[in-house]
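# Architecture at a glance
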Amino acid sequence: MPGGTFDGTVVLVTGGGTGLGKAVAAEFARLGAELVIASRKEDRLAAARDELAALGGRVTAVGCDIRDPERVAEVFDAAVAAHGLPDVLVNNAAANFPVPAEDMSPNAWRSVVDATLNGTFYMTREFGRRHLAARTPGSVISIGASYAWTGGPGFAHSAAAKAGVKSLVESLAVEWGPYGIQVNGLVPGLMPHDDMTADIRGNLDRAADKDARQPALRVGHPRELGWAATFLASPYARFITGHTLVVDGANWQRRALVSPPVVPVRDQLGRGPFTG
């Protein structure tokens with residue numbers, strides 16, 4: 001994108017204090033956007049705010065649990081007070097961890113679905129309601145996952161929630177299209193970063209030759225997700241809505257003539273037999 005593409009634009013990024021969310025926020029900042037970053041990890045927000053502000057533009061950091069609709073409204077109130085109504089919403093915050101479905105507690109299921117699906121809906125709904133009332137256009141980008149199409153063994157809670165996010169993108173793009181509100185999805189591939197959780201990092205560490213396992217023969221870089229996000233929210237993508245863009249070097253596509261042998265999820269996670 002040309003420098004200054006997002007001058008005068010306010011971008012709200014959930015989970016913007018760490019990982020891929022911060023990488024996405026950084027690309028908007030480089031192109032002139034003012035930022036609001038929201039996260040439950042309030043201890044990381046101040047450092048992220050200073051880091052992003054060094055790229056140019058004003059940055060406001062707000063603590064928020066997106067599972068709570070009242071807190072979601074407060075985040076938008078804070079954004080409006082500091083910058084005006086956000087023009088772009090990036091729904092990046094989510095929860096995830098690997099677990100066989102038979103070992104998953106009801107609370108584990110709720111925690112992931114609440115953060116990933118319900119939280120995305122609460123943020124998107126608040127954004128949409130405010131723009132509809134103001135009669136202004138806007139752009140929503142919700143971070144998804146390729147197992148919304150394929151299923152996610154070992155991640156049944158997250159896969160189900162991300163499938164819901166994909167459907168939400170497609171539904172709201174039609175509902176809000178007449179009012180100039182775009183709604184798109186964005187799926188990252190394997191993009192290692194320092195803020196990955198220990199269990200996800202452990203899974204990656206068990207997989208040797210990560211580059212050779214990718215059709216592109218390399219893993220992705222976090223800023224590549226930011227490049228895709230800035231395109232979807234830019235003037236160059238105004239007629240793109242209801243679409244989920246996968247940025248993973250074709251990693252989610254079948255890449256062999258014959259499927260590899262099946263290894264049970266419990267074995268992949270190093271767990272013994274299920275005992276009930």
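It should be emphasised that the depicted structure is a prediction, and the values quoted were computed from it without experimental measurement.

This part covers the overall build of the protein. A tally of helices and strands in the protein yields nine helices and seven strands. Relative to the 2.2 N^0.38 estimate, which gives 19 Å for 276 residues, the radius of gyration of the protein is 19 Å and therefore close to what a compact globule would have. Overall size of the protein, expressed as C-alpha extent along the three principal axes, is 55 × 40 × 40 Å. For the protein, buried positions account for 45% of its 276 residues. Accessible area for the protein stands at about 13,300 Å²; split by element, carbon and sulfur atoms hold 55% of it. Considering the protein, the positive charge centre built from 27 side chains and the negative charge centre built from 28 side chains are found 3 Å apart.

The next thing to look at is helix α1 (residues 19-30). Compared with an ideal rise of 1.5 Å per residue, which puts 12 residues at 16 Å, α1 spans 17 Å between its outermost C-alpha atoms and is within 8% of the ideal. For α1, the tally of buried residues reaches 11 of 12 residues, placing the bulk of the element in the interior. Those residues of α1 that sit buried are Gly-19, Leu-20, Gly-21, Lys-22, Ala-23, Val-24, Ala-25, Ala-26, Glu-27, Phe-28 and Ala-29. In this structure, the buried residues of α1 make contact with β1 (10-14), β2 (34-39), α2 (42-53), β4 (88-91), β6 (181-188) and α8 (222-232). Of the residues flanking the end of α1, it is Gly-32, one or two places downstream, whose phi is positive at about 100°.

This paragraph deals with α2. The end-to-end C-alpha separation of α2 is 17 Å, in line with the 16 Å expected for 12 residues at 1.5 Å each. Among all positions of α2, only Leu-45, Ala-48 and Leu-52 are buried. Each buried residue of α2 sits inside an arc of 75° when the element is viewed along its axis, so together they form one side. Exposed side of α2, more than 90 degrees from the buried face: Asp-43 and Ala-47 are the residues found there. On its buried face, α2 sits against α1, β2 and β3 (59-63).

With the rule as written, the count across this model stands at four aromatic pairs. Their ring planes at 25° and their centres at 6.0 Å tell us that Tyr-147 and Phe-155 sit as a pair that is stacked.

Across the interface, helix α4 (residues 106-134) lies against helix α6 (residues 156-176) with an axial gap of 8 Å and an inter-helix angle of 15°. When the interaxial angle is binned, α4 and α6 end up roughly parallel. Where α4 crosses over α6, the two elements pack in a sense that is right-handed. Contacts between α4 and α6 pair Ala-108, Trp-109, Val-112, Val-113, Thr-116, Leu-117, Thr-120, Phe-121, Thr-124, Arg-125, Gly-128 and Leu-132 from the former with Ala-156, His-157, Ser-158, Ala-160, Ala-161, Lys-162, Gly-164, Val-165, Leu-168, Leu-172 and Trp-176 from the latter. Within the contact of α4 with α6, the residues separate by chemical class into 14 nonpolar, seven polar and two charged.

As a further point, take a nonpolar patch on the surface. Together, Met-1, Phe-231 and Tyr-236 line one region of the surface with nonpolar side chains, adding up to about 300 Å² of accessible area. Taking relative accessible area as the criterion, Tyr-236 reaches 53% and is therefore assigned exposed.

Attention shifts here to empty space enclosed by the protein. Gaps left between atoms show up when a probe the size of a water molecule is rolled over them. Across all of its chains, the model carries two cavities of 30 Å³ or more by this definition. Within this model, the largest cavity holds a volume of roughly 40 Å³. Lining of the largest cavity is provided by Ser-142, Gly-144, Ala-145, Ala-148, Trp-149, Lys-162, Val-165, Lys-166, Val-169, Gly-185, Val-187 and Thr-244. Sorting the residues of the lining of the largest cavity by element identifies α5 (147-150), α6 and β6 as the ones contributing at least two each. With four residues, α6 is the single largest residue contributor to the lining of the largest cavity. Of the residues contributing to the lining of the largest cavity, the split by class is six nonpolar, four polar and two charged. Space inside the second largest cavity adds up to approximately 30 Å³. Taken together, Thr-120, Thr-124, Ser-142, Val-165, Leu-168, Val-169, Leu-172 and Val-183 form the lining of the second largest cavity. Only α4 and α6 provide two or more residues apiece to the lining of the second largest cavity.

Criteria and cut-off values
- Residues numbered from 1 in each chain as written.
- Predicted model: local features only at pLDDT ≥ 70, side-chain atom pairs only at ≥ 80, totals over all residues.
- Heavy atoms only, no water.
- Helix = DSSP H or I, 4+ residues; strand = E, 2+ residues; numbered from the N terminus.
- Rg over C-alpha atoms; globule rule 2.2 N^0.38 Å.
- Buried < 20%, exposed > 50% of the residue type's maximum accessible area, 1.4 Å probe, protein only.
- Areas by Shrake-Rupley, 256 points an atom, 1.4 Å probe, with all protein chains shown as cover.
- Lys, Arg positive; Asp, Glu negative; His and termini not counted.
- Charge placed at Lys NZ, Arg CZ, Asp CG, Glu CD.
- Expected span 1.5 Å × (residues − 1).
- Contact = heavy atoms within 4.5 Å.
- Arc of directions from axis to C-beta.
- Phe/Tyr/Trp six-rings, centres within 6.5 Å; stacked < 30°, edge-to-face > 60°.
- Axes fitted to C-alpha atoms, helices over the stretch in contact; angles between N-to-C directions.
- Parallel < 35°, antiparallel > 145°, perpendicular 65-115°, else oblique.
- Left-handed = near helix turned anticlockwise from the far one by under 90°.
- Nonpolar A, V, L, I, M, F, W, Y, C, P; charged D, E, K, R; others polar.
- Patch = residues over 30% accessible without salt bridge, like charges linked within 9 Å, V, L, I, M, F, W, Y side chains within 5 Å.
- Salt bridge = Lys/Arg side-chain N within 4 Å of Asp/Glu carboxyl O.
- 1 Å grid on protein atoms, 1.4 Å probe; cavity = no way out; pocket = protein on both sides within 12 Å on 5 of 7 lines; lining within 4 Å.
- Points joined across faces, edges and corners; volume = space filled by probe spheres on them.

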